[in-house]
Amino acid sequence: MKKTTLTKSMAAVMSAAMVLGLTACGGSTETTTKEDTTQQQAPAADTTADTKTSDNNASNEAPSSEAKEEEKTADLSGTITMAGSTSMEKLANAVAESFMAKYPGVTVTAEFTGSSAGIESLLAGSVNIGNASRALKDSEKEGGAVENIVAIDGIAVVTDSANAVADLTKDQLVSIYTGQTTNWSELGGEDAAIVVVGREAGSGTRGAFEELLDIEDQCAYANELDSTGAVMAKVASTPGAIGYVSLDVVDDTVKAFALEGVEATAENIKAGKYFLSRPFVMATKGEIAEQDELVQELFNYLASDEGKEVIKAVGLITVD
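Note that the structure is predicted; figures quoted are calculated from it, not measured. (Residues numbered from 1 in each chain as written. Predicted model: local features only at pLDDT ≥ 70, side-chain atom pairs only at ≥ 80, totals over all residues. Heavy atoms only, no water.)

A. Representation of the pattern of salt bridges in the model. Under the definition given, this model contains eight salt bridges. Across the pair Arg134 and Glu140 runs a salt bridge, and its minimum N-O distance is 2.9 Å. Judged by its relative accessible area of 18%, Arg134 falls in the buried class. Glu140 gets classed as buried once you look at its relative accessible area, which sits at 8%. Measuring nitrogen to oxygen at the nearest pair gives 2.7 Å for the salt bridge that ties Arg206 to Glu224. Of this pair, Arg206 sits in helix 7 (residues 204–213) while Glu224 sits in strand 8 (residues 223–225), and the two are 18 residues apart along the sequence. (Salt bridge = Lys/Arg side-chain N within 4 Å of Asp/Glu carboxyl O. Buried < 20%, exposed > 50% of the residue type's maximum accessible area, 1.4 Å probe, protein only. Helix = DSSP H or I, 4+ residues; strand = E, 2+ residues; numbered from the N terminus.)

Structure, rendered in structure tokens:
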């Protein structure tokens, strides 16, 4: 009995060991796991391939856009003609030069015959653009001219920083520059002579200043200087001096007068509150969208960041 029982017991133990051995080996389970893992990894490889394809497509699109711009620059050719305001000469020349540099196949010409003459030439069909340093008249608009304001001309009236007078009316300013008022005490200031400083004959700033005050050829200047910097330096260093400069150059070496109670700021000029300012108009016969491709592209350029920098560089205020 004992031998039989032991033999049976040993057989049971050996059978159990064999089962455990098979379970430990787990050959079938391991193979399945590897296959499943391989199948799970396959989509990842496909995703990488898709990403590379997407990246390649994106990189191929960029040169295409640049190529189109280069093609447009190379293909644009012809002539744009302008005529009009002498005060807009600096702006017109700067725009023409920079636009032709961007589009070498385009020629831009400008004549400076005066605002009214420029609009007449436009309506007669002899030029593409009529330049006017004023708002268009109703009669000009009725004739077909469209007012396209491209910049605003703002002029600051400055004095030395010690001057007690801070505000001038339009009439007082006219009186000073025509020699009728000669002492600051007449305007509530110190008993000191007024030193009238201005630009040289032919200066666009002088022309605009005198035109806006309607005092052309009536000014009594003590000093006529040939640059904005010279006017600033003279006013800053001369007690009782008064001068005019483009708004963008005013700094703390001088004091800018308020005019009719309105400070000389770009915001006030854009709002139409500061009277010593005016629009610079590039008029077209009909809307811009009705013009040929060259003229449309010029106005697109003026509205771009690059064009606005050109406008600012000549001392003007951009429209927006």
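B. Up close: the packing of helix 10 (residues 293–303) against helix 11 (residues 305–313). At a closest axis distance of 4 Å, the pairing of helix 10 and helix 11 adopts a crossing angle of 70°. In terms of axis orientation, helix 10 runs roughly perpendicular to helix 11. Only Asp305, Glu306, Gly307, Lys308, Val310 and Ile311 of helix 11 make contact with helix 10, whose side of the interface consists of Tyr301, Leu302 and Ala303. A class-by-class count of the residues in the contact of helix 10 with helix 11 yields five nonpolar, one polar and three charged. (Axes fitted to C-alpha atoms, helices over the stretch in contact; angles between N-to-C directions. Parallel < 35°, antiparallel > 145°, perpendicular 65-115°, else oblique. Contact = heavy atoms within 4.5 Å. Nonpolar A, V, L, I, M, F, W, Y, C, P; charged D, E, K, R; others polar.)

C. Inspection of unusual backbone geometry at higher detail. Phi is positive for Asp214, close to 60°, though the residue is something other than glycine. The residue Asp214 is located in the loop between helix 7 and strand 8 in this model. When its relative accessible area of 57% is taken as the criterion, Asp214 is described as exposed.

D. Examining the pairing of strand 7 (residues 195–199) more closely. Counting buried residues in strand 7 gives five out of five residues, a clear majority hidden from the surface. In strand 7, alternate side chains face the same way, and those of Val195, Val197 and Arg199 on one face and Val196 and Gly198 on the other are all buried. Pairing geometry for strand 7 and strand 9 (residues 241–246), over two bridges, is parallel. What sits directly across from Val196, in strand 9, is Ile242. Both strand 7 and strand 8 contribute to a ladder of three bridges, which runs parallel. When the bridges of strand 8 are listed, Arg199 appears paired with Leu225. (Pairing = 2+ DSSP bridges.)

E. Quick look at the side chain of Arg134. Examined against the element boundaries, Arg134 turns out to sit in the loop between strand 3 (129–132) and helix 5 (138–142). Polar side-chain contacts of Arg134 include one of 2.9 Å to the side chain of Glu140. If sequence neighbours within four positions are ignored, Arg134 has contacts with Ser115, Ser116, Glu140, Pro279 and Val281. (Polar contact = N/O pair within 3.5 Å; in protein donor to acceptor, adjacent residues only side chain to side chain.)

F. Spotlight on the packing of aromatic side chains. Taken as a whole and judged by the stated rule, the model has nine aromatic pairs. Seen from their ring centres, Tyr177 and Tyr221 are 6.0 Å apart, and the 70° between their planes marks the pair as edge-to-face. Taken together, the residues span a long stretch of sequence, with Tyr177 in helix 6 (residues 170–177) and Tyr221 in the loop between helix 7 and strand 8 at a distance of 44 residues. Tyr221 matches Tyr177 in its accessibility class, with the two residues each being buried. By way of ring pairs, the aromatic residues Tyr177, Phe209, Tyr221 and Tyr244 are connected into one cluster. (Phe/Tyr/Trp six-rings, centres within 6.5 Å; stacked < 30°, edge-to-face > 60°.)

G. Inspection of helix 6 at higher detail. Inspection of helix 6 places Leu173, Val174, Ser175, Ile176 and Tyr177 among the buried residues, and these make up the whole buried set. The elements touched by buried residues of helix 6 are strand 5 (149–160), strand 6 (167–168), strand 7, helix 7, strand 9 and strand 11 (258–259). In the segment just after helix 6, Gly179 is the residue with positive phi, at about 85°.

H. Expanded view of the nonpolar core. Core analysis: the biggest nonpolar cluster contains 41 residues, and Leu168, Leu173, Ile176, Tyr177, Trp184, Phe209 and Ile242 have the highest contact counts within it. Contributing elements (two or more residues each) for this core: strand 5, helix 6, strand 7, helix 7, helix 8 (228–237) and strand 9. For this core, the element with the highest residue contribution is strand 5, accounting for five residues. Once residues lying within four places of it in the same chain are set aside, the contact partners of Phe209 are Ile155, Val157, Leu173, Tyr177, Ile215, Tyr244 and Leu276. (Core = buried A, V, L, I, M, F, W, Y, C linked by side-chain atoms within 4.5 Å.)

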